[in-house]
Amino acid sequence: MNLPTIFVSHGSPMLALQDSPARRFLQGLGQTLPRPSAIAVVSAHWETAGGPAVSLATQPETIHDFGGFPQTLFDMRYPAPGAPAAAERTAALFDAAGIPVGRSATRGLDHGAWVPLSLMYPAADVPVMQISIVHGASPALHQQLGLALQALRQEGVLVIGSGSLTHNLYEIRGHSAAAPPPAWVSDFGIWMRERLIANDRAVLLDYRQLAPMAAKNHPTEEHLLPLFVAMGAAGPDARASVLHTSVEHGVLAMDAYAFN
């Protein structure tokens, strides 16, 4: 088995409840992929210092790491089993690459993991583990994390980077869910798409300096860093293909990519 690696935009936690083009896309995505033996999610919502970490939980809890949303969202659970064997394999690959790695026996699934997975695999019957991003580290370092994990896709583990192609929450106020994107959002999305399809990695890794309005689309980088892990995990020559593109609230680009 040679699975693609995937990047998905998870947007707001309300993705789990409210109809949208991105929600409908995710509801069909799992059916288009070969069934994985396990899933490894690199979420924007788990950051560790000094190096990545993996979750070894055998029955990961559903983490509601947000506030101000309807009680229905807090009542939701995603009871997928953990994937400790895949987590240990992941840690061993980091070790072999000389990358310091932490291990958590109890880390559950934050909303960057369970919200998209609840749509992709609603039966919650595929084992899941998480990989953290590294606080303050560069896109290049996150690509290196992915490159260390290339073997996983040959072993039936689906690597998913979960973040958001654009993520400026300060700009959401006043935008309806269906508001059209301003130019600073659409220009950034087009720039990213063109470079990803061309596999122009040197430019992508320097997106902060080269992409239009990069800092406005990502005041902080954590929601784009999972893309670089997914890109690396497919190998240095993998090309991106567009799986989905839409925008919510004018400023949240919900694009998804496969790398193969």
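Residues numbered from 1 in each chain as written. Predicted model: local features only at pLDDT ≥ 70, side-chain atom pairs only at ≥ 80, totals over all residues. Heavy atoms only, no water.

S.K.: Please clarify how the packing of aromatic side chains should be interpreted in this entry.
M.R.: Centre-to-centre distance and the angle between the planes together describe a pair of aromatic rings. Inspection of the entire model under this criterion finds 4 aromatic pairs. Centroid distance Phe 66 to Phe 69: 5.6 Å. Interplanar angle 85 degrees. Geometry classified as edge-to-face. Exposure remark for Phe 69: the relative accessible area of 27% places this residue in the partly exposed category. Joined through ring pairs, the aromatic side chains of Phe 66, Phe 69 and Phe 74 make up one cluster. (Phe/Tyr/Trp six-rings, centres within 6.5 Å; stacked < 30°, edge-to-face > 60°. Buried < 20%, exposed > 50% of the residue type's maximum accessible area, 1.4 Å probe, protein only.)

S.K.: Even after reading the chapter, I still don't get helix α11 (residues 225-233), so can you show me in this structure?
M.R.: For an α-helix, the turn length of 3.6 residues means that residues three or four places apart are oriented alike. For α11, the tally of buried residues reaches 9 of 9 residues, placing the bulk of the element in the interior. Taken as a whole, α11 has its buried residues at Leu 225, Pro 226, Leu 227, Phe 228, Val 229, Ala 230, Met 231, Gly 232 and Ala 233. Residue Gly 235 follows α11 closely and has a positive phi angle near 105 degrees. (Helix = DSSP H or I, 4+ residues; strand = E, 2+ residues; numbered from the N terminus.)

S.K.: Would you mind showing me how to read the nonpolar core here?
M.R.: Judged by nonpolar contacts, the single largest core of 48 residues is most densely connected at Val 54, Phe 94, Met 192, Leu 196, Tyr 207, Leu 227 and Phe 259. Within the residue set of this core, elements represented by two or more residues are β2 (38-48), α3 (84-96), β5 (128-134), α5 (139-148), β6 (157-163), α7 (183-197), α11 and β10 (256-259). For this core, the leading source of residues is α11, giving 7 residues. Judged by nonpolar contacts, the second largest core, of 34 residues, contains Leu 15, Phe 25, Leu 29 and Met 120. (Core = buried A, V, L, I, M, F, W, Y, C linked by side-chain atoms within 4.5 Å.)

S.K.: In this structure, what is going on with the pairing of β10? I would like to understand it.
M.R.: Two faces, one strand: in a regular strand the side chains alternate between the faces of the sheet. Residues Ala 256 and Ala 258 line one face of β10 and the alternating positions Tyr 257 and Phe 259 line the opposite face, and both faces are buried. Summarising the sheet, strand β1 (residues 5-9) and β10 pair through 3 bridges and their orientation is antiparallel. Bridging from a neighbouring strand, Phe 7 pairs with Tyr 257 of β10. Sheet topology places strand β7 (residues 240-244) next to β10; 4 bridges connect them, and they run antiparallel. Within β10, the position partnered with Ala 240 by the bridge is Phe 259. (Pairing = 2+ DSSP bridges.)

S.K.: What should I look at first to understand the pairing of β1 in this one?
M.R.: In terms of burial, β1 is largely enclosed, as 5 of its 5 residues are buried. The two faces of β1 match: Thr 5, Phe 7 and Ser 9 on one face and Ile 6 and Val 8 on the other face are all buried. Direction of pairing for β1 relative to β6: parallel, over a ladder of 4 bridges. Paired with Phe 7 across the strands is Gly 161, a residue of β6.

S.K.: Just checking my understanding: could you explain helix α1 (residues 21-32) for this structure?
M.R.: When the terminal C-alpha atoms of α1 are compared, their 17 Å separation across 12 residues agrees well with the 16 Å that a helix rising 1.5 Å per residue should span. Of all the positions in α1, only Ala 22, Arg 23, Phe 25, Leu 26, Leu 29 and Gly 30 are classed as buried. Looking straight down α1, one finds that the buried residues subtend no more than 155 degrees of arc, so they occupy a single side. Exposed side chains of α1 directed beyond 90 degrees from the buried face belong to Gln 31 and Thr 32. Looking at the buried residues of α1, the elements they touch are β1, α4 (111-120), β7, β8 (247-248) and β10. (Expected span 1.5 Å × (residues − 1). Arc of directions from axis to C-beta. Contact = heavy atoms within 4.5 Å.)

S.K.: When you look at the pattern of salt bridges in this model, what are you seeing that I'm missing?
M.R.: For side chains of opposite charge, pairing can occur when their charged atoms come near one another. Inspection of the entire model under this criterion finds 8 salt bridges. Salt-bridge contacts for Arg 103 lead to Glu 88; the nearest nitrogen and oxygen are separated by 3.3 Å. One end of the pair, Arg 103, is in strand β4 (residues 102-104); the other, Glu 88, is in helix α3, with 15 residues separating them in the sequence. Judged by its relative accessible area of 38%, Glu 88 falls in the partly exposed class. A salt bridge links Arg 195 to Glu 194, with the shortest nitrogen-to-oxygen separation between them at 3.1 Å. For Arg 195, a relative accessible area of 24% gives the class partly exposed. What makes Glu 194 partly exposed here is its relative accessible area of 47%. Through salt bridges with shared partners, a single network forms among Glu 88, Asp 95 and Arg 103. (Salt bridge = Lys/Arg side-chain N within 4 Å of Asp/Glu carboxyl O.)

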